Amino acid sequence: MSSTLNGVLEAVDRIRRTRGHVTNLFITTDQLESLLDRPGVQVSMDDSLLVICTRDSEVWRGYFYARNLLDLSQLACRLPDPVMPLVVDIIGRTPNVNLTSGYLANHGFDYQSTFVRLSARPYRVIRSTDVKGVRKIRTDELPAVLDIITNEFNHLDAHIPGKDELAEAMHRGEVFGAYGAESLSGVAYFQSIGPRNVVLRYFVVKPEERGKGIGNRILNYVQQTHDPETQTTLWVSTSNPTLSLYRRMGFVSDGLEDHILVKAGGTKMENSISSFLIELRPETDFSASENFIQDGLLDSFDLVSLVSMLEEQFSVFIDALEIVPENFATVDAIASLVSRSVSSA
Amino acid sequence: MKAHFTGKRITGLRTVVPANESRFEDEVGNYTFPPKQTLRLQDVMGYKTHRVVKDSTATSDLVWFGLSGVLDEGLLNREDVGALVAVTVTPDHLLPHLGSALHGLAEFPADTVVIDLVQGCTGFLHGLFQAFLLLDKLPEGKKVVLALGDTLSKWVSKQDRNSYPLIGDAAAIVIIENDPTAGDIYIDLRNDGSRRDALKIPAGGSRIPSSPETAKLVDAGDGNPRSLDNLIMDGTAVFSFVMNDAPPLIEETLTDAGIQKNEIDWFLVHQPNKFMLRKLSEKLGTPYEKMPMNVVEKFGNPSGVSIPLAISHNLANEFVKERFVCCLSAFGSGLSWGAITMELGNLDFCDLVSGNF
């Protein structure tokens with residue numbers, strides 16, 4: 001075992017012993033080890049809070065163990081790189097999941113979406129037994145499958161599968177596709193997690209092919225390949241219109257919910273800075289300038305106003321010696337100034 | 001230069017402001033900026049109310065009101081005055097000097113030394129330095145009257161949002177005398193003339209005499225129409241000057257005096273604006289409460305009178321009753337800056353008066 005893993009396990013053990021601890025990390029030691037092995041993973045821990053951040057393309061994903069809800073307020077401060085958003089999944093049952101996600105929502109996180117877990121044994125496909133054009137996808141079709149999935153999901157809502165993960169799933173024969181006249185129009189990835197137990201991980205029909213029964217054809221096909229006693233589980237967003245369709249197919253909720261919250265990274269900070277600039281000088285087109293000071297767009301009094309706006313919005317103290325023109329030359333320079341300023345919270 | 005004085009203290013202080021209060025909210029329409037943007041500066045900079053004199057009021061009117069009151073009320077005897085130090089950058093005339101005007105009005109004897117200093121925001125520190133030097137040579141029992149006054153509002157464009165809301169007119173009379181029981185005084189005054197253009201009134205002197213041409217308001221592109229007769233300030237340069245140069249000088253003066261920062265009861269600092277004072281206090285690592293910073297929002301920045309005004313507005317009663325360990329610091333045109341550590345208190349009088357100016 002690596003020293004990091006040992007340290008993390010000790011921290012987990014310490015925190016778990018406190019009453020009312022909170023976590024979003026429900027995995028085995030083996031899974032933890034593979035999480036810590038991911039490239040770019042960052043671990044921060046002390047007696048009250050363990051945070052593991054993994055990089056997922058344009059976002060950080062955060063996993064935590066905290067002694068109590070109050071300790072969670074420090075979560076965002078442990079963010080390794082403030083330029084990328086931090087996404088956390090809070091999985092559990094009401095009311096606990098509401099308490100944790102509600103607390104985070106009051107401490108700099110925004111609700112992104114809520115998913116519910118549904119399962120059926122077996123599901124019933126409505127109106128159709130058609131399986132035309134459906135088959136297991138060959139491994140050489142990986143780019144087309146990735147294309148369909150990445151077009152449908154974003155990194156904030158979904159753990160988008162990596163190339164390797166998908167390739168392995170395709171190799172195991174767990175990825176199915178429906179073919180239209182020329183190309184792939186829909187895919188479904190049924191991950192087998194045990195005997196007669198599958199998880200429908202991704203299920204997408206291209207937007208322009210929807211309403212043609214393609215989804216039903218895939219589900220029919222897969223059901224015919226599965227044992228009739230197979231339990232199928234899936235997570236679906238409560239705002240997804242197919243939720244009611246799943247319910248009609250016999251899927252029922254098992255009470256587990258996944259609240260996805262996002263702490264905005266640089267994008268939000270830069271947006272706030274841009275809106276402050278517009279508020280200060282409504283008539284000015286800042287986007288056309290590469291240096292606000294040299295171009296005379298901001299004077300020293302604007303800097304004073306801006307400093308007070310930034311200190312208020314981002315709860316920081318901006319050091320007096322940092323209030324120099326070059327730190328206000330561009331939105332990036334201002335964002336970087338805020339990032340390296342000391343928290344006043 | 002650094003200097004160490006013993007056996008000298010301030011024994012009385014009176015500050016004078018015009019009674020008429022001008023509200024920033026009422027002036028918002030004078031500026032070219034959107035009101036919302038201008039009003040944001042209210043809290044940040046302390047743009048609330050300020051005191052400016054009428055067109056007919058001259059600097060000596062304000063100062064004489066203070067000095068004559070002190071004399072008439074018996075707080076100062078004419079025969080005790082050994083020297084008069086007058087400080088202003090906005091004299092009634094190029095000649096005669098402010099000191100001469102006061103000497104004449106007060107009917108001081110002919111052997112009274114009169115020294116006029118041309119100093120802006122560090123005027124109080126320079127005036128005290130002169131007073132301490134003079135007290136070493138004056139006959140026993142003689143006092144120094146430090147008279148400060150400025151009416152800078154007359155030199156600031158009413159359409160200059162960056163300067164006009166901050167400006168305040170005021171005067172102060174400070175009595176300094178020898179007292180063997182007084183605590184040690186450490187003073188350090190510095191100058192950097194290479195940065196002299198950061199605060200400037202271009203016309204009105206021998207370089208560019210005032211003329212109809214120099215009185216024309218021009219917007220140089222920053223949205224603040226002003227003329228060559230008006231004060232112009234390089235805000236960024238002044239801010240970075242204060243943040244870079246004042247804290248180390250204050251720290252050094254405390255070290256010279258052998259006083260820890262937390263032993264200082266009051267940091268009495270020049271009052272340029274609230275933002276700068278808040279940042280200065282953060283930079284020094286001192287609590288905001290130990291550094292009065294409300295002079296600008298109530299009276300405006302009265303140049304050399306700012307420290308006396310900060311004292312008489314916030315601490316008048318306390319400074320009559322007991323003594324405090326104080327650190328004084330000022331910074332301004334020149335560029336000039338300085339720091340003093342000294343005991344202040346047990347004053348014979350300390351008050352703030354206003355008149356119809």
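Residues numbered from 1 in each chain as written. Chains lettered and ligands numbered in written order. Predicted model: local features only at pLDDT ≥ 70, side-chain atom pairs only at ≥ 80, totals over all residues. Heavy atoms only, no water.

Chemist: Please explain the packing of aromatic side chains as it appears in this structure.
Modeler: One pair of aromatic rings is described through two measures. These are the centre distance and the angle between the planes. Considering all chains together, one arrives at 16 aromatic pairs over all chains under this definition. For the pair F153(A) and Y202(A), a centre-to-centre distance of 5.8 Å together with 65 degrees between the ring planes defines the contact as edge-to-face. With F153(A) in the loop between α4 (142-152) and α5 (163-171) and Y202(A) in strand β10 (residues 197-205), the pair connects residues that are 49 residues apart, well separated along the chain. Assessed through its relative accessible area of 25%, F153(A) is described here as partly exposed. We classify Y202(A) as buried; its relative accessible area is 5%. For the pair F65(B) and F357(B), a centre-to-centre distance of 5.1 Å together with 80 degrees between the ring planes defines the contact as edge-to-face. Taken together, the positions of F65(B) in helix α3 (residues 59-72) and F357(B) in the segment after β15 (349-355) put the pair 292 residues apart, joining distant regions of the chain. Here a set of aromatic residues connected by ring pairs shows up, and it is made of Y123(A), Y246(A) and F251(A). Stacked on the ring of W60(A), the Lys or Arg R55(A) has its end atom at 5.6 Å from the ring centre. (Phe/Tyr/Trp six-rings, centres within 6.5 Å; stacked < 30°, edge-to-face > 60°. Helix = DSSP H or I, 4+ residues; strand = E, 2+ residues; numbered from the N terminus. Buried < 20%, exposed > 50% of the residue type's maximum accessible area, 1.4 Å probe, protein only. Lys NZ or Arg CZ within 6 Å of the ring centre and 35° of its normal.)

Chemist: Help me understand the confidence of the model for chain B, please; the structure alone is not making it clear to me.
Modeler: Fine structural detail should not be taken from predicted coordinates in areas where pLDDT scores are low. Scored by pLDDT, chain B has a mean of 94; 100% of the residues are at 70 or more. With a pTM of 0.64, the predicted complex shows an ipTM of 0.79. (pLDDT = per-residue confidence, 0-100.)

Chemist: I'm lost on unusual backbone geometry in this one. Help?
Modeler: Trans is the common state for peptide bonds, and a negative phi is the common state for residues other than glycine. That bond from T94(A) to P95(A) is cis: its omega, 5 degrees, falls within 30 degrees of zero. Relative to the elements of secondary structure, P95(A) occurs in the loop between β5 (86-92) and α3 (96-105). The residue after R121(A), namely P122(A), is reached through a cis peptide bond having omega -15 degrees. Looking at the secondary structure, you find P122(A) in the loop between β6 (110-120) and β7 (134-136). One non-glycine residue, R196(A), lies in positive phi territory at about 50 degrees. In this fold, R196(A) is placed in the loop between β9 (184-194) and β10. Of the residues examined, R196(A) reaches a relative accessible area of 47% and is grouped as partly exposed. The phi torsion at S303(B) lies on the positive side, around 55 degrees, for a residue other than glycine. Within the fold, S303(B) resides in the loop between α8 (295-299) and α9 (306-314). On the basis of relative accessible area, S303(B) is assigned to the buried category, the value being 2%.

Chemist: Could you clarify how one ought to interpret the sheet that holds strand β6 (residues 113-117) of chain B in this entry?
Modeler: Sheet strands associate in pairs through backbone hydrogen bonding, adopting either a parallel or an antiparallel arrangement. Residues and elements named next belong to chain B. Strand order in the open sheet formed by six strands is β6-β5-β7-β8-β2-β15, with mixed pairing between adjacent strands. Two strands bound the open sheet, and with one partner strand each, they are β6 and β15. With direction set aside, neighbouring strand axes in the sheet form an average angle of 15 degrees. Taken together, the seven bridges between strand β2 (residues 8-18) and β15 define a ladder with parallel strand orientation. Looking at β15, one finds that V16 is bridged to V353. Where helix α5 (residues 123-135) meets the sheet, it contacts β2, β5 (81-87), β6, β7 (143-150) and β8 (170-178), and its direction lies at approximately 165 degrees from that of β7. (Pairing = 2+ DSSP bridges. Axes fitted to C-alpha atoms, helices over the stretch in contact; angles between N-to-C directions. Contact = heavy atoms within 4.5 Å.)

Chemist: Looking at this structure, I do not really get the pairing of strand β2 (residues 42-45) of chain A. What am I missing?
Modeler: Consecutive side chains along a regular strand alternate between the two faces of the sheet. Note that β2(A) and strand β3 (residues 49-56) of chain A share four bridges and pair antiparallel. By the bridge assignment for β3(A), S44(A) is matched with V51(A).

Chemist: Sorry if this is basic, but what is going on with the side chain of N162(B) here?
Modeler: The residue N162(B) is located in the loop between β7 and β8 in this model. In terms of polar contacts, N162(B) uses its side chain to reach the side chain of D299(A), at 3.4 Å. A polar contact of 3.1 Å, which involves the side chain of N162(B), links it to the side chain of R161(B). With residues near it in sequence (within four places) discarded, N162(B) still touches D299(A), F301(A), Y47(B), N224(B) and M233(B). (Polar contact = N/O pair within 3.5 Å; in protein donor to acceptor, adjacent residues only side chain to side chain.)

Chemist: Is there a simple way to think about the sheet that holds strand β12 (residues 266-269) of chain B in this case?
Modeler: Residues and elements named next belong to chain B. Spatial strand order, β1-β9-β14-β13-β12: five strands in an open sheet with mixed pairing. Both outer strands of the open sheet, β1 (2-5) and β12, are each paired with one neighbouring strand and no more. Across the sheet, the mean angle from the axis of one strand to that of its neighbour is 20 degrees, orientation sign disregarded. Across four bridges, β12 lies against strand β13 (residues 323-332) in parallel orientation. By the bridge assignment, V269 is partnered in β13 with S329. Strands β1, β9 (185-191), β12, β13 and β14 (336-345) of the sheet are contacted by helix α6 (residues 235-257), whose axis makes an angle of about 40 degrees with β14.

Chemist: Honestly, the environment of P272(B) in this entry has me stumped. Any pointers?
Modeler: All names here are of chain B. Along the chain, P272 falls in the loop between β12 and α7 (274-284). Owing to a relative accessible area of 10%, P272 belongs among the buried residues under this scheme. Measuring from C-alpha to C-alpha, the distance between P272 and F331 comes to 8.9 Å, with 59 residues separating the pair along the chain. For P272, the residues in contact, after removing those within four places along its chain, are L166, L277, V296, N301 and F331.

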